[in-house]
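Structural overview for review
Letter by letter, the chains look like this.
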Amino acid sequence: MTIIDELSSASQHVADAVGPATVSIGRNGRGTGFVVAPGKVLTNAHNLRDRTTSVTFADGRTEQAAAAGADPDGDLVVLDVDTADIEPLAWGEAVPGAQVIFAAGRGGHRFRVSLGLVSGTERAFRGPRGRRINGSIEHTAPLARGSSGGPVVDQTGRVVGVNTSRVGDGFYLAQPADADFQARVAALAAGRSVVRRSLGVAIAPAKVARKLRASVGLSDREGLLVRGVEPGSPADRAGIAQGDLLVSAGGTPLTSVDDVHGALDAHGDDDTIDLLVVRGDDERTVTVSFAELAPEPEPEPEPEPEPEPTPAPAPTPES
């Protein structure tokens, strides 16, 4: 058997193995997903437009699915949906270097399998809400649009990654299916969504902050300029305002938005974090709280007024 024959045979084996469990996400097939457990489908969070979406299976059956657990910043969601008797795909392990892999997609409701190599690891890209996702697999298996959320598998059909970010002409970066990833998927399937902390501010990069401060005669300080504050956010409750300069968070100097995310993640178990803030040329430390605000008690209903007695009708004069 020639190498071409072996590759063709392997491709057919992979297509037969992963095809039934690979699904199309959305009415128009805007994304791909795959069955990870009975009644559970994994896909990218950016493939959803709401908490519910349609899932189309290999046999053409379409079911309405609802999010069981979501990690929007990590661009993952597990859907609750009737998967019938479809066998879930098993997990494998990505190997750095020239590992042969296969990528599967069902974008536009058409199933595709392509062959490639793992060409690199530890790539980074940004999720749908701007957070950096590190450690991705770079591979050379091209796929059509609508393939994000689909599985990257080895020659046995075991999942070694999930295509997430499209780059170039049909190529994807994939999140590796390592032990931490598998644990996160299991938590999402159990209904435990991931909520990463956020200050609730829009910021300008350090170079913009320096230029704006210089233009109004303020001292040169390294930091991130607050361009806007979300009403009711942790930053808003702490008194941070538009025009403030964020210099550090939890002792970490802030030179990029990734520094902010890193500082917040590092204090994930704390209810507060201290920010060094400069307003004009005045420096101060602001404590930002992430504790949930207690809901305001509902006002007691006012007692309804007693109904006034209905006057007796006037007597009808006798004729």
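Whatever comes next refers back to the structure up there.
Please read all numbers here as calculations on a predicted model, not as lab measurements. (Residues numbered from 1 in each chain as written. Predicted model: local features only at pLDDT ≥ 70, side-chain atom pairs only at ≥ 80, totals over all residues. Heavy atoms only, no water.)

Looking now at the environment of Arg 279. Locating Arg 279 in the fold gives a position in strand β17 (residues 272-279). Linking Arg 279 and Leu 246, residues 33 residues apart in sequence, is a C-alpha distance of 9.1 Å. Dropping the residues within four chain positions of it, Arg 279 is found in contact with Gly 239, Ile 240, Ala 241, Asp 244 and Arg 284. At 3.0 Å, the side chain of Arg 279 and the backbone oxygen of Gly 239 are in polar contact. (Helix = DSSP H or I, 4+ residues; strand = E, 2+ residues; numbered from the N terminus. Contact = heavy atoms within 4.5 Å. Polar contact = N/O pair within 3.5 Å; in protein donor to acceptor, adjacent residues only side chain to side chain.)

Along helix α2 (residues 179-189), the residues that are buried comprise Phe 181, Val 185, Ala 187, Leu 188 and Ala 189. Tucked inside the fold, the buried residues of α2 contact β2 (31-37), β3 (40-43), β5 (62-71), β6 (76-80), β11 (159-167) and β12 (171-176). Positive backbone phi, at 95°, marks Gly 191, one or two positions downstream of α2. (Buried < 20%, exposed > 50% of the residue type's maximum accessible area, 1.4 Å probe, protein only.)

Our focus in this paragraph is the environment of Asn 134. Mapping Asn 134 onto the fold places it in strand β9 (residues 132-139). In the structure, Asn 134 is positioned twelve residues away from Glu 122 in sequence and 6.3 Å away in space, judged by C-alpha atoms. Apart from residues no more than four positions distant in its own chain, Asn 134 is found in contact with Arg 123 and Ala 124.

Within the secondary structure, Ser 24 sits in strand β1 (residues 22-25). There is a polar contact of 3.3 Å between the side chain of Ser 24 and the backbone oxygen of Arg 106. For Ser 24, the side chain forms a polar contact with the side chain of His 109, separated by 2.9 Å. Apart from residues no more than four positions distant in its own chain, Ser 24 is found in contact with Gly 29, Gly 31, Ser 54, Val 55, Thr 56, Arg 106 and His 109.

So, on to the sheet that holds strand β7 (residues 100-105). On the basis of which strands lie adjacent, the closed barrel formed by six strands has the order β7-β8-β9-β12-β11-β10 and antiparallel pairing. Recorded for the sheet is a direction-independent mean angle of 50° between the axes of neighbouring strands. In terms of strand pairing, strand β10 (residues 151-153) meets β11 through three bridges, oriented antiparallel. Within β11, the residue paired with Val 153 across the bridge is Val 159. Contacts from helix α1 (residues 3-18) reach β7, β8 (112-126) and β10 within the one sheet, and its direction differs from that of β7 by about 45°. (Pairing = 2+ DSSP bridges. Axes fitted to C-alpha atoms, helices over the stretch in contact; angles between N-to-C directions.)

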